[in-house]
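Examining the three-dimensional arrangement
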Amino acid sequence: MKGFETHLLPLLQPPPSSFSPELSNGYLPQRQGVNNLKSANFHPRSSPSMLKLFSSSAASRAHHLTPAIRTGASSVESPLLKALSHFTGLNRRSNSLGGGGRRVFFCSDNASDAAAAEAEAKAAESDSDGSESKSSSAIVPTNPRPEDCLTVLALPVAHRPLFPGFYMPIYVKDPKVLAALQESRRRQAPYAGAFLLKDDPSSTDSSSSTDVEKNINELKGKDLLKRLHEVGTLAQISSIQGDQVILVGHRRLRITEMVSEEPLTVKVDHLKDKPFDMDDDVIKATSFEVISTLRDVLKTSSLWRDHVQTYTQHIGEFTYPRLADFGAAICGANKHQAQEVLEELDVHKRLRLTLELMKKEREISKIQETIAKAIEEKISGEQRRYLLNEQLKAIKKELGVETDDKSALSEKFKERIDPNKEKIPAHVLQVIEEELTKLQLLEASSSEFNVTRNYLDWLTILPWGNYSDENFDVVRAQQILDEDHYGLSDVKERILEFIAVGRLRGTSQGKIICLSGPPGVGKTSIGRSIARALNRKFFRFSVGGLADVAEIKGHRRTYVGAMPGKMVQCLKSVGTANPLVLIDEIDKLGRGHAGDPASALLELLDPEQNANFLDHYLDVTIDLSKVLFVCTANVIDMIPNPLLDRMEVISIAGYITDEKVHIARDYLEKSARGDCGIKPEQVEVSDAALLSLIENYCREAGVRNLQKQIEKIYRKIALKLVREGVVPEEPAVAVDTEEAEIVTKLDVESTENNSVPVAKEPKEEAQNEKTSVEKVMIDESNLADYVGKPVFHAEKIYEPTPVGVVMGLAWTSMGGSTLYIETTVVEEGEGKGCLNVTGQLGDVMKESAQIAHTVARKIMLEKEPENQFFANSKLHLHVPAGATPKDGPSAGCTMITSLLSLAMKKPVQKDLAMTGEVTLTGRILPIGGVKEKTIAARRSQVKTIIFPEANRRDFEELAENVKEGLDVHFVDDYKKIFDLAFVSDNKQQD
């Protein structure tokens, strides 16, 4: 224990006149000073004691508190020094310090002689105060003595136990208990027992301190006794102010039995520490580790330093047990851990428990210091950056390099509108000027400032009156359209008409064109080609699934994050007021709680209204009359009628096989070859392979799937070439363009001058030879190796057509298709005539079957009156494939022919297909999809087609390559179909 006196010395403090309610754990925030030691009526403070921690080395003394030793006149030793000497062995060194008459004082720095003399004088004055001062007891003498108190009032403590030598303020709400405490003070027996309250099993962890105090006040008698810990502290009642009672801990108690219930009075036993050896090395080492840990905590924790500065403890000898109590009392342990220390009577175990708690406290202090340092560095960095930015702004403003934000914004907006000020409409210019004036009056930090700035940004960036120069050259436009797309004559003709009208008028007007057709026919890509042909800016946005009107009309500026609609964004993006706007998937508009976008498009796509289109965000009208709108749709039936009425619809049917071959050769194959890095001389795809690819893999109306299959072929070819080593490993060296031109020129000149040709490298010749040898051939025989097995098979499943089966023509969203109508007899019997239909037919097609059954029965009565087939036969009509839904009226004539073929037991003419709606009187009505149905018939090698007379004009408008090789008949009555379908046996044999 050598040197212990330089580590720990508590300073005695007088009690304050009043205690703050916040000091629920007995800690006091201020220090009164050493000069109050002379007071005879002092009380020990309830806050943690002030520890003076010193290092034994000379270097650490320069940074920590150092003792200033002076010799006093009195020979009476301070009880504090006597207790400390007893604990640390200081009495063995008394001679070296000047004998028994020497006094030791500690100050916070190396005090001067005057300060030391003043401290010595005050100590001498304190020693001359009489017997009370000589005893230096921190406990006010009472009669009876504390050890004589065997029956005490039991006071519950809610948050932490009271340790001997510490103050604790408590609040007593029970008038009877408060009166009993006051009576004890008057009888010179101011003692009570402070016992920690056990946790309530029914309470939760989130219960507040107010709820806990309320529960304490409700506990009485035996209920309160059950909730109290057996071991507590004998406490002296220091003062009573209202309902606040200040307690000072003395010694440990244990409850033995209850004396009375209200107020709760119990019998107690005074507990003493178990005997221990003060010279035991383990105890000494443990105590020094406690002191060392406490010193480390004091270096990092300002909270503990404040506590220690105000702590006073001077109760007899300063021993190991009191050191353990002191550490446990001032650390931040929970009440259960503190109660465990209080209940422990083995000094060594108590020191170990205290050491564990203080080690945890040290770790917490380190973490707290790390967090505080990180936050402080972050805050200081941000403050420094802010100050530097403000200084930089001030310097730039003084030098005239930069103006303030509002002036800079105003100048930027004015620079935008000045070049086109005469083109901006007057009402728009007025709004801009008003908003600029408003911007100058607003504070830059206000939210309205940002709204106004964004509004001006949109108003001034729009291309008011700026139009791109259009191309009115019809020939050039025709070349551009033919370069990008094969076929699509209707669309190209309409665009050329638009250009011709613009050239004659000298100016162009906006139009609304709707391209409808199956997927993959080029509706979207044609829009970009039209924009290039017209020399207009191109902007595309899709409205598929759009359910918010604000996407079209914009948001109100009152909303957070408000933005203009798509058209205003389009004008800002393209920078001209006459772009080509492609509105994709207009037939897939949604409708939600935010309104109906289809109704919002009415104003946008109406030529009479879009000259004054009003966006909700801008709140000023915009002229969109020069904009060319091109819409795309798969099925126009899904477009609302009012919207469809405002558009000029151009139908794009599917491509026939010949057109697909041209598109694949001229467009798709070149694009796929370039994307895969393959040279034309390395691959050859035969016409037979390309035709087989189209017929067996890509029968769709469009060419999107054909493009995917061609890309698949070229990817596999690229992999094959790389595996065979055709492509050199070394990357090609980049050559400057000018240098390449010079080399080419020199080569040409050398050739003209009949110079000796330069010999090529052997490696280059070998490479060229290898490349030419490794040419990949794709034909019909090895096509399946690249694209797999055929997807489609021949639609013509009957050769020749049997009795009761007739081929019809149908239209689908993917183009045209052939389908068969099959009829057979289920059973025959007198009066059993009926018809059953299958094939997943729709309501319209089921009605057509009933009409066909009636018409066929009528025709049989006319042709063969004696034939009672329909009256006595139960028939079954089926339309394969059964998994495909089918509907529509155009199969009426095909059904009648199938029924008559079964009734007359005659097959129809070979390679015949027909389509047309039939009435009950036998009239043939027009149908739709003539081109698609014609293409489907050619694909199935049909030679003869029967169309309604009303569709003659539609067929004549088809291209010659579509009509070539077909024998087409146009009929208006079913009798003509009967004559064409059922030929005589002799003619059929011929």
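Counting from 1, residues in each chain are numbered in the order their sequence is written. pLDDT decides what is reported in this predicted model: residues at 70 or higher carry local features, side-chain atom pairs at 80 or more are listed and counted, and totals for whole chains, interfaces and linings draw on all residues regardless. Excluding hydrogens and water, the side-chain values take into account all heavy atoms of the structure.

What follows is about the sheet that holds strand β11 (residues 580–584). Pairing between strands is defined by DSSP: at least two bridges between them are needed. Strands are runs of DSSP state E lasting at least 2 residues, helices are runs of H or I lasting at least 4, and numbering of each runs from the N terminus. On the basis of which strands lie adjacent, the open sheet formed by five strands has the order β10-β11-β14-β9-β15 and parallel pairing. This sheet does not close on itself; its edge strands, each paired only once, are β10 (538–542) and β15 (648–651). Shown here is a sheet whose adjacent strand axes are inclined to one another by a mean of 20°, direction ignored. With five bridges connecting them, β10 and β11 associate as parallel partners. Of the residues in β11, the one forming a bridge with F538 is L580. Contact criterion: two residues are considered in contact whenever any of their non-hydrogen atoms come within 4.5 Å of each other. Between N-to-C directions, angles cover 0 to 180 degrees, with each direction set by a line fitted to C-alpha atoms, over the stretch in contact for helices. Here helix α17 (residues 489–505) sits on the sheet and contacts β9 (512–516), β14 (628–633) and β15; the angle it forms with β15, its principal contact strand, is near 145°.

The next thing to look at is the packing of aromatic side chains. In this scheme Phe, Tyr and Trp rings, the latter by its six-membered ring, pair at centre separations within 6.5 Å, and the angle between planes marks the pair as stacked below 30 degrees, edge-to-face above 60, and tilted otherwise. Under the criterion given, the structure shown has eight aromatic pairs. Relative to Y617, the ring of Y455 has its centre 6.1 Å away and its plane inclined at 75°; by these criteria the two rings are edge-to-face. A residue pair is termed long-range when its members are at least 10 positions apart, and Y455 in helix α15 (residues 447–461) and Y617 in the loop between β12 (613–614) and β13 (621–622) qualify at 162 residues. Judged by centre distance (6.0 Å) and plane angle (45°), the ring pair of F947 and F955 falls under tilted. Residue F947 shares its accessibility class with F955, and that shared class is buried. Taken together through their ring pairs, the aromatic side chains of F947, F955 and F970 make up a single cluster. Only Lys NZ and Arg CZ are tested; either one counts as a charge over a ring when it is within 6 Å of the ring centre and within 35 degrees of the ring normal. For R557, the ring lying beneath its charged end belongs to Y455, and the centroid distance is 3.8 Å. Each residue is assigned to one of three classes by its accessible area relative to the maximum for its type, calculated with a 1.4 Å probe on protein chains only: buried under 20%, partly exposed between the two thresholds, exposed over 50%.

All right, on to the packing of helix α23 (residues 657–676) against helix α24 (residues 687–696) then. Two numbers describe a pair of packed helices, the interaxial angle and the distance between the axes. Close contact between α23 and α24 brings their axes to 10 Å; oriented N to C, the two are set at 120°. As far as their axial angle goes, α24 and α23 are oblique. Between α23 and α24 lies a crossing whose hand is right-handed. Contacts from T657, K660, V661, A664 and R665 in α23 reach D687, L690, L691, I694 and E695 in α24. In terms of residue class, the contact of α23 with α24 is made up of five nonpolar, one polar and four charged. We call two directions roughly parallel when the angle between them is under 35 degrees, roughly antiparallel when it is over 145, roughly perpendicular when it lies between 65 and 115, and oblique otherwise. Whether a crossing is left-handed or right-handed is set by the direction in which the near helix is turned from the far one by less than a right angle, anticlockwise for left-handed and clockwise for right-handed. Note on residue categories: nonpolar means Ala, Val, Leu, Ile, Met, Phe, Trp, Tyr, Cys or Pro, charged means Asp, Glu, Lys or Arg, and polar means any other residue, Gly included.

Here T657 lies in helix α23. Each polar contact in these results corresponds to two N or O atoms within 3.5 Å; when the atoms are within protein, one needs to be able to donate a hydrogen and the other to accept it, and residues that are neighboring in sequence are counted only if both atoms are side-chain atoms. Polar contacts involving the side chain of T657 include one to the side chain of E695, which spans 2.9 Å. Discounting residues that sit within four places of it in the chain, T657 has contacts with L691, I694 and E695.

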